[in-house]
Amino acid sequence: GEDVEQSLFLSVREGDSSVINCTYTDSSSTYLYWYKQEPGAGLQLLTYIFSNMDMKQDQRLTVLLNKKDKHLSLRIADTQTGDSAIYFCAESMGDSGGSYIPTFGRGTSLIVHP
Amino acid sequence: NAGVTQTPKFQVLKTGQSMTLQCAQDMNHEYMSWYRQDPGMGLRLIHYSVGAGITDQGEVPNGYNVSRSTTEDFPLRLLSAAPSQTSVYFCASSYLPGGYGYTFGSGTRLTVV
């Protein structure tokens, strides 16, 4: 099965909160990331969280980590049309060599409508 | 501008042709990777490097070759292009492993006919 799983689509109304969920299988994951990809562009790191943290907040973004359930979520408050993009969850172990290389989920397409 | 530069941005190849996708970074990053992105498949790792002279295979290495003779450059070679290699290819680099994430290039859109 996949190492990192995400639902493929999420549709929200402008001004509402968006919550994008991710589950991962590797309990030794040390770093968990959220990336954003706008149409025709590369991925941009939005935020990351270390596995010894439960929560991280950065302006409109809140990341929650439930290590017991291997569940990561990204909440975007006051979602705007400019937030429409594909959001990728990724994880890496980060203990040596190739384990630092992140493994990505399939991405969640967030559609924000007026 | 500092960052990861990929060339070309678009390429059409005929089946059986070979070519090299270029990737260069000017941030002195040790870690570099090549991913391919296909609809509904997310990003899949092709090859990666943890420093000059050191490369290793990722999840989908068949049909691709890499080398890392300098810290700055990490070219990806398609040996004999096949339609299954039609994809968007991303190069990414990182200075510190793990938590600081990757800087991505803008991608190369490759079509093999």
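This text follows the structure it describes.
Residues numbered from 1 in each chain as written. Chains lettered and ligands numbered in written order. Predicted model: local features only at pLDDT ≥ 70, side-chain atom pairs only at ≥ 80, totals over all residues. Heavy atoms only, no water.

Each partner contributes residues to the interface: chain A has 21 residues there, and chain B has 21 residues. Taking both sides of the interface into account, the surface hidden between chain A and chain B amounts to around 1700 Å²; carbon and sulfur atoms contribute 64%. Linking chain A with chain B are zero salt bridges, by the criterion used here. Taken together, the elements giving at least two residues each to the side of chain A that touches chain B come down to β4 (31-37), β5 (43-50) and β9 (85-92) of chain A. When the residues that make up the side of chain A that touches chain B are grouped by side-chain class, the tally is 13 nonpolar, seven polar and one charged. (Contact = heavy atoms within 4.5 Å. Buried area = accessible area lost by both parts, 1.4 Å probe. Salt bridge = Lys/Arg side-chain N within 4 Å of Asp/Glu carboxyl O. Helix = DSSP H or I, 4+ residues; strand = E, 2+ residues; numbered from the N terminus. Nonpolar A, V, L, I, M, F, W, Y, C, P; charged D, E, K, R; others polar.)

Residues and elements named next belong to chain B. One open sheet accounts for four strands, arranged β1-β3-β8-β7; its pairing is antiparallel. Of all strands in the sheet, those bounded by a partner on one side alone are β1 (4-7) and β7 (64-66). Each neighbouring strand pair of the sheet contributes to a mean axis angle of 20 degrees, computed without reference to strand direction. Across three bridges, the pairing between β7 and strand β8 (residues 76-78) is antiparallel. By the bridge assignment, Val 66 is partnered in β8 with Leu 76. (Pairing = 2+ DSSP bridges. Axes fitted to C-alpha atoms, helices over the stretch in contact; angles between N-to-C directions.)

Tyr 35 and Phe 104 of chain A together with Phe 104 of chain B are the most contacted members of the largest nonpolar core, which has 20 residues in total. If you list the elements that add at least two residues to this core, you get β4, β5 and β9 of chain A together with β4 (31-38), β5 (42-51) and β9 (87-94) of chain B. Among residues more than four places away in sequence, those in contact with Tyr 35 of chain A are Leu 43, Gln 44, Leu 45, Leu 46, Ile 86, Tyr 87, Phe 88, Ala 90 and Phe 104 of chain A together with Gly 101, Tyr 102 and Phe 104 of chain B. (Core = buried A, V, L, I, M, F, W, Y, C linked by side-chain atoms within 4.5 Å. Buried < 20%, exposed > 50% of the residue type's maximum accessible area, 1.4 Å probe, protein only.)

All names here are of chain A. Burial of strand β11 (residues 108-113) is one-sided: the residues Thr 108, Leu 110 and Val 112 facing one way are buried, the residues Ser 109, Ile 111 and His 113 facing the other way are not. Across five bridges, the pairing between strand β2 (residues 9-13) and β11 is parallel. The partner of Phe 9 across the bridge, within β11, is Ser 109. The pairing of β9 with β11 spans three bridges and is antiparallel.

A few words now on the state of the cysteines. Summed over all chains, the structure comprises two disulfides over all chains. At a sulfur-sulfur separation of 2.0 Å, the disulfide partner of Cys 22 of chain A is Cys 89 of chain A. What sets the handedness of the Cys 22 of chain A and Cys 89 of chain A disulfide is the S-S torsion sign, and at about -65 degrees it is left-handed. Taken together, the residues span a long stretch of sequence, with Cys 22 of chain A in strand β3 (residues 18-24) and Cys 89 of chain A in strand β9 at a distance of 67 residues. Owing to a relative accessible area of 1%, Cys 22 of chain A belongs among the buried residues under this scheme. With its sulfur 1.9 Å from that of its partner, Cys 23 of chain B forms a disulfide with Cys 91 of chain B. On the sign convention where negative means left-handed, the S-S torsion of about -70 degrees between Cys 23 of chain B and Cys 91 of chain B marks this disulfide as left-handed. (Disulfide = S-S within 2.5 Å.)

It is worth spelling out the pattern of salt bridges at this point. All names here are of chain A. Under the criterion given, the structure shown has five salt bridges over all chains. Among the salt bridges present, the one from Asp 69 reaches Lys 68, with a minimum N-O distance of 3.6 Å. For Asp 69, a relative accessible area of 46% puts it in the partly exposed group. Taking relative accessible area as the criterion, Lys 68 reaches 73% and is therefore assigned exposed.

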